[in-house]
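Report on the structure
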Amino acid sequence: MTNQAGRFGIHGGQYIPETLMNAVIELEAAYNHYKNDPQFNAELETLFNEYANRPSRLYYAEKLTKALGGAKIYLKREDLNHTGAHKINNVLGQALLAKKMGKTRLIAETGAGQHGVATATAAALMGMECVVFMGEEDTKRQALNVYRMRLLGAEVIPVKTGTATLKDAVSEAMREWTNRIDDTHYCLGSVMGPHPFPTIVRDFQAVISKEIKAQMLEKEGRLPDIVMACVGGGSNAIGTFYHFIEDKDVRLIGCEAAGRGIDTLETAATINTGKLGIFHGMKSYFCQDEYGQIAPVYSISAGLDYPGIGPEHAHLHDIGRAEYVAVTDDEAVNAFEYLSRTEGIIPAIESAHAVAHALKIAPDMDKDKIIVITISGRGDKDCAAIARYRGEDIHE
Ligand SMILES: *Cc1c(COP(=O)(O)O)cnc(C)c1O
């Protein structure tokens, strides 16, 4: 069922079973109350600053800039956050909201395990019970993150349905929430799913662009020419874009995972190859086969291989406000290595997709132009996989 709430143009909405309506209605009412509550916002700001290490640095990458010989490049260092990525911003916000709502239990889906670890972290901090749904395939590929979640006190449930990966974990978490809404909050990991999730997650991640704007005005006395970020579901990208959407001179660029190329079937570039559809409670663009079934997606980056994109991005694409480019595995791996060598910063392979596009465009831009790249996470987790990609077998 659906209503007009939470539309971004034709996208978004609430395409969910009747049994989930009460849960999202309760969540929306609570969020509308607490988002304007000074006490809530003060507590969240304290968590951001004292626990997650905000504000994150806006770092002038001088060596990278000189090496490319064009636009001036700044890096927004979300990799320096506690737990090593932007995901903690959303999770702390939702966990605090859930606590205010009187919930005692958090459930979450996870693909590679990053969002599961962040949720387990927040649950430990706030003394809440935590259950994480993870595709059985992913539990095998990401054994270290499964251990981390258990260490943090969470229960990890392997999901065996479908392809036993992220999309099945989302479906299972939604099913579980339907069964148990009294004490449970579903802590969704990106700007997707039924309203109000795309808005809630966006608002918690918008701290990224709020900080970029203030930091840029302080360092350069003006706004950047381009802000860019990688796009999986789209949370770090919308966080990077949000406070610049009304600044029409600032270009917004989202970098999707092309995998082995957008002309192959091994891709996760949703805007570049997907079609309009309805899945996981929202209308948006999805990678689909010729029959309209959700297509299997592929990327070297486990954080970007979701077959859909958040509805606000779909809308920003429709109206031409943001651009979405596709970056292949090969380009991302090159950028992963290049940033490591030039700046001594090992980015997450997800973030390396955004770095890769900057490597393409910065050299042709004037030296007085400014690009900000959000480094959504740190790359320690990816070293073994990249070594394997280069034909080297290292033990994790
Ligand atoms: C999960 C993840 C992403 C992709 O998620 P978005 O919602 O698109 O931001 C990107 N980078 C890192 C480091 C991640 O962990």
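Residues numbered from 1 in each chain as written. Predicted model: local features only at pLDDT ≥ 70, side-chain atom pairs only at ≥ 80, totals over all residues. Heavy atoms only, no water.

**A short note on the sheet that holds strand β5 (residues 105-110)**
- Reading across from one edge, β7-β6-β5-β8 is the order of the four strands in this open sheet, with parallel pairing throughout. Every interior strand has two partners, whereas the edge strands, β7 (155-159) and β8 (184-186), have only one. The sheet shows a mean angle of 25 degrees between the axes of neighbouring strands, direction not considered.
- Looking at chain direction, strand β6 (residues 129-135) and β7 are connected through five bridges and run parallel. Opposite F133, over in β7, you have I157 as the bridge partner.
- Sheet strands in contact with helix α5 (residues 114-126) are β5 and β6, and its direction is about 165 degrees off that of β5. (Pairing = 2+ DSSP bridges. Helix = DSSP H or I, 4+ residues; strand = E, 2+ residues; numbered from the N terminus. Axes fitted to C-alpha atoms, helices over the stretch in contact; angles between N-to-C directions. Contact = heavy atoms within 4.5 Å.)

**Observations regarding unusual backbone geometry**
- Of note, the amide linkage connecting R54 to P55 takes the cis form, showing an omega dihedral of -10 degrees.
- With an omega of 10 degrees, the peptide bond between H195 and P196 qualifies as cis.
- Mapped onto the secondary structure, P196 falls in the loop between β8 and α9 (197-205).
- Residues other than glycine seldom take positive phi values, yet T83 does so here, at roughly 75 degrees.
- Examined against the element boundaries, T83 turns out to sit in the loop between β4 (72-77) and α4 (87-100).
- With relative accessibility at 25%, the residue T83 sits in the partly exposed group.
- Of note, the phi angle at H280 is positive, near 50 degrees, even though the residue is not glycine.
- Position of H280 relative to the elements: it lies in the loop between β11 (275-279) and β12 (282-286). (Buried < 20%, exposed > 50% of the residue type's maximum accessible area, 1.4 Å probe, protein only.)

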